Structures are given as structure tokens and as C-alpha cells.
Amino acid sequence: MKYRRSAVDKLNTLLFWRDTRITEGEPYTEIRKFDYSSYLPVEKYINAPCVPTENIYDIRDYGAVANNTSFDNAQAINSAFEEAEKTNGTVFISGGSYTSTTVFPKSNTTLFIEKGSCIIANETGEGYTNKALIYGESLESIAFTGGGSINGNGHLFGRRPVFDENMTSPRPYVDIIEMRQDYRKQLRFAHESKYGGPIVLKSCRGVKVCDFMIENSAYWTFRLDNCVDIDITNFVINNNRNTANADGIDLMGSSNVNIHHCFISTSDDGIVIKNALWEGCNSPMTGISITDCEIISRTNAIKVGTETTHDISGISIEDCRLFMTDVYPGSVSAISLEAVDGARLYDVKIKNIYSNRCSCPLFIRLGNRNRAAEVNAQSARAVEFSQRAEKGGIADKNDFNHKSEIFNISVENFEANEVEIPIMICGYKQGGITKRVKNITLQGITLNFTKRPFVDDKRLFIPEYAKEYPEANRFRNLPSYALFLRHCENIKIKALKCNNAPSNRKFSYIKDASKFEIE
């Protein structure tokens, strides 16, 4: 029997549908089965470097106490950094778990956490500054290594999810409307006690991370704002996959970045590239390479955009595996390229990508949220910390209005399995103005669709959603299975192969697409 969405269902969705968000209740601290991925290849990614023998500063010599959750080791660790700065030395952490409030690294120092040891956030969320467990600003030549970890205790700072347990099986039919809600009903939305994330670095130059791990973040896991010359290799992030807003690596206005041979498992975006005025960004960002990574994400494995007032260019994404284990729904998108707040996004090369259980393989979205006219540094993040947002934008309404562009994108050799949403390339039409995504080349794309049937959901029209938060599942159930193209120009598609195509969808939806070629 076919599952059909009734006229009443459609009307209710159109008029009354709202995203699930829990805003009341005490912190929910239980760890549920499948909160964390069963696939966790730490040994594949992290070695155990030799412990340095010279120029080291052991935090125990400064009064640190291991394995005592009531003792704050921040003073001891910060004292070790102050001494290490004088000799370009190494702060050494060994012998167990060290509870701490905010730690401040210094220039020309190395944080060496030995394998089996960690710095861990306290259980109250109190005593932190700058929304971070580790915070550095205007530093040069800093390194994180040793095989050990930073632990954010993130599962302690969210509210109880709607669902009593994690979903481990899909629904009988593919219904994007239900899928979006199913994910949100498993989330631990922020309690006001949430303190921030594990590592925040701002305006730093020369950041090196190798053989290092971050676990259980409460928020953005590794945030790099306006930094230059970043090298992240042999690195693991292992988060609770239901902690709301727990991104993996956030590059905010940072350039000259190499991310290589990393494993990330998290609830929100795996690697996300942003460049927003309200986050203190004032210049273009460029030169970002992401290679040989495995990423598990409940939203977008790799994303460029959402908050993008300034230009982003020169991005290379190669040889990556993007997927989901254990829980349902899977990732919203494997790769998302978005410009909706005034930026130009261009010169992006994507090659040799494998995805599994990422609903939408590729989402390219040009929009006009113009968010700088509506938010400031506080209000942009308020909901993520269960706070009331201040009113007022950071820019005039005309500063970034209709300024966004996306052009010169190439994708080659991309295999996607368990596909549920077509490849989407979307510009917009708003207020009599049409903006098009331009110069997109897709070559060697294989789409293997899920074997589950798709809900029969006939739609009279598909809204533009130009001002909405840009995500593939925002468009709900679409009429096509392979391609959804709207307001685009000079699109070339070569060697597109589709397997197990759904019977109640057409191959493509194409509207206002000029200079479109498919071979």
C-alpha cells in the first residue's frame, strides 16, 4: 500500500509546521546506547608520540592533581604555560584526568597530553571564560600533540530529548518532513548551564595539531577564528551525536588551512567554513584543503556557508569518506556549499568522495537571508546557549542585501549510497530579483538510491525559501530523485549514473536553468 500525504496533512505542514526545540527542563545527563558511534578508529588516526625529555614543564610540578573532579587544575596548567613560554617549551600532561576551568596557551609552546590522559571540563559549567576550556588569542606557533585528549563533558549540558531512546531503524517510507523531525527529537538542546566548547583560538598564526583527540564537546568543538597557517593531521573528534550545535571543526574567517587524515564523529556539521561579520570577520578567506578524512555528522559532513558575509574561495576537498553509523536519520548532506548572507563563494574543487547514508549528496544553495541586518554577536548565538536574544543587527540592511554569489564549482568522481534527496543546485528569486548559481561542473557521479519507497507527496509549488536557514531537508519532499535545479546558469553534468531509482519520482526538476548540459 502506498503512503500518500493527504490534503489535510499538506495544509497543516504549510500553516503550522515548526521545528522541534526543547527550551525547558533540567540537564539530562544519561548516556544512551548509540549516542556515540560504534565505529571509532582511534588507532588508525592517532599515534603515541615519544614523550619529550628536555624543556618540558610537568603540570604536577605546579600543583596539578589528577583524577579529582572537585579540584580545579587551571592555575597549575596556566603556570606551566607561563614558564614554558620563556623557553619555547612543552607543557606536559600525564598520569590521568585533570579537571580544569579555562586554560590559556602561550606563543611558541606545545601542549603535550600523553595517551591515556586528558584535560576535562568540570561538571557544573561554572568558572569558564570566552566560552572555552582552552582559549588562545593573538598567539604564534602553538602545537597540540601527545596522543591524549581534551574532554568537554558535553553530555551534561543539554535537556532531555523528545524520544526516549535513539532511533536505530528507519521508517518504512522516505518522508523528508518526518526525517527532519526525527533527528531533532533525538537532540539534547542547550541548557543554560552550557559553558562553551573545548578549544577556541582567535587571531593566531601557525597552529599545528597532530596525534590529538577531542571528546564529548558541549558546543563547537574546535573553533579557529581569523587564524592563518593551520595544519591539522592525525586528529580525532568523538562527540555525542545528539548534543545540539556540537560542530566538529569550525573555520571562521581563517585561511591557509590544511586538514588531513582526520576522523570526526559529531551531531552537527563535521567541518564547517564560515566568514561572518557578527563573528568578527572582516576579510576574505582562502586556501583551505581537506583530504583523506572520515566524517560522521547528523547534519552536513562538510559545509561551506550558512554565515558568510565575506568571500570564501580556493577550497579543495579530496579523498574523503562521509557517512553515518548506528542511528537514523543519517546525515542531511554529504557536502553543502552555501552563500546566503552576502559572500561570494567560488573556486571550489571536490574530487574522489564516497558517501553513505547522507540523504543529499550535494547541496549548492544561493540565498538572501541577509542575517547581518538582523543579528549581532550576542543574538546570533543566543539560542545555542538557551539565552534571550538582544535586538538589532550589526550592519545596515543594504550592506549585504542580494550580494551573495556562487560560481566556479567542480565535482569529480563522487559515489553516494542510500540517497534520499536529489543533488540540489539552487539560486533564488526574491522581491523581483533573481540570482543564479553559475559555472558548475559535475563529472563521474554515481547515485545509489535507498531501496525504501518514497512517500507520495504531490506539491503544487515549491517555495523559494530564500530567507530561510539553508539546508537540503528544508525543501521537504521533492518531485525528482536525481537532480533539482533552479535559478542556475552554465551547468555541465557528465557521466551521471543512477541505480535503484524510485518509481514515483521523475529524474529531474529543472526550472530557470540556462546553458544546461547533461551527457
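Keep in mind it's a predicted model, so treat the numbers as computed, not measured.

Now for the environment of Thr 101. Take Thr 101: it is sitting in the loop between β3 (97–100) and β4 (109–113). Taking the C-alpha atoms as reference, Thr 101 lies 37 Å from Cys 358; in sequence the two are 257 residues apart. Dropping the residues within four chain positions of it, Thr 101 is found in contact with Asp 72, Ala 74, Asn 122, Glu 126, Gly 127, Tyr 128 and Leu 133. Within polar-contact distance, the side chain of Thr 101 engages the side chain of Asp 72 at 2.8 Å.

Turning our eyes to something else, we now look at the environment of Asn 151. Assignment of secondary structure puts Asn 151 in strand β8 (residues 149–151). For the pair Asn 151 and Pro 198, spaced 47 residues apart in the sequence, the C-alpha separation amounts to 7.0 Å. Excluding residues within four positions of it along the chain, Asn 151 makes contact with Ile 119, Ile 120, Ala 121, Leu 133, Glu 215 and Asn 216.

Residues Tyr 328 and Pro 329 are joined by a peptide bond in cis, for which omega reads -10°. Inspection of the secondary structure puts Pro 329 in the loop between β19 (312–323) and β20 (331–339). Phi at Asn 234 takes a positive value of approximately 50°, unusual for a residue other than glycine. Inspection of the secondary structure puts Asn 234 in strand β12 (residues 228–238). Judged by relative accessible area, which is 17%, Asn 234 ranks as buried. The phi dihedral of Thr 306 falls on the positive side, at around 75°, and the residue is not glycine. Examined against the element boundaries, Thr 306 turns out to sit in strand β18 (residues 300–308).

Inspection of the secondary structure assignment puts Arg 388 in the loop between α5 (379–382) and β23 (405–419). Considering only alpha carbons, one finds Arg 388 and Ile 150, 238 residues apart in sequence, at a separation of 30 Å.

A full pass over the atoms with the stated rule returns 18 aromatic pairs. Put simply, the rings of Phe 363, Tyr 465, Phe 475, Phe 484 and Tyr 509 pair up and form one aromatic cluster. One Lys or Arg, Arg 321, reaches over the ring of Tyr 39 and ends 5.9 Å from the middle of that ring. Over the ring of Tyr 328 we find Arg 357; its NZ or CZ atom is 3.7 Å from the centre of that ring.

On the surface, a cluster of nonpolar side chains totalling about 760 Å² of accessible area is made up of Leu 11, Leu 14, Leu 15, Phe 16, Leu 460 and Phe 461. On the secondary structure map, Leu 11 appears in helix α1 (residues 7–16).

About the criteria used
- Residues numbered from 1 in each chain as written.
- Predicted model: local features only at pLDDT ≥ 70, side-chain atom pairs only at ≥ 80, totals over all residues.
- Heavy atoms only, no water.
- Helix = DSSP H or I, 4+ residues; strand = E, 2+ residues; numbered from the N terminus.
- Contact = heavy atoms within 4.5 Å.
- Polar contact = N/O pair within 3.5 Å; in protein donor to acceptor, adjacent residues only side chain to side chain.
- Buried < 20%, exposed > 50% of the residue type's maximum accessible area, 1.4 Å probe, protein only.
- Phe/Tyr/Trp six-rings, centres within 6.5 Å; stacked < 30°, edge-to-face > 60°.
- Lys NZ or Arg CZ within 6 Å of the ring centre and 35° of its normal.
- Patch = residues over 30% accessible without salt bridge, like charges linked within 9 Å, V, L, I, M, F, W, Y side chains within 5 Å.
- Areas by Shrake-Rupley, 256 points an atom, 1.4 Å probe, with all protein chains shown as cover.
- Salt bridge = Lys/Arg side-chain N within 4 Å of Asp/Glu carboxyl O.

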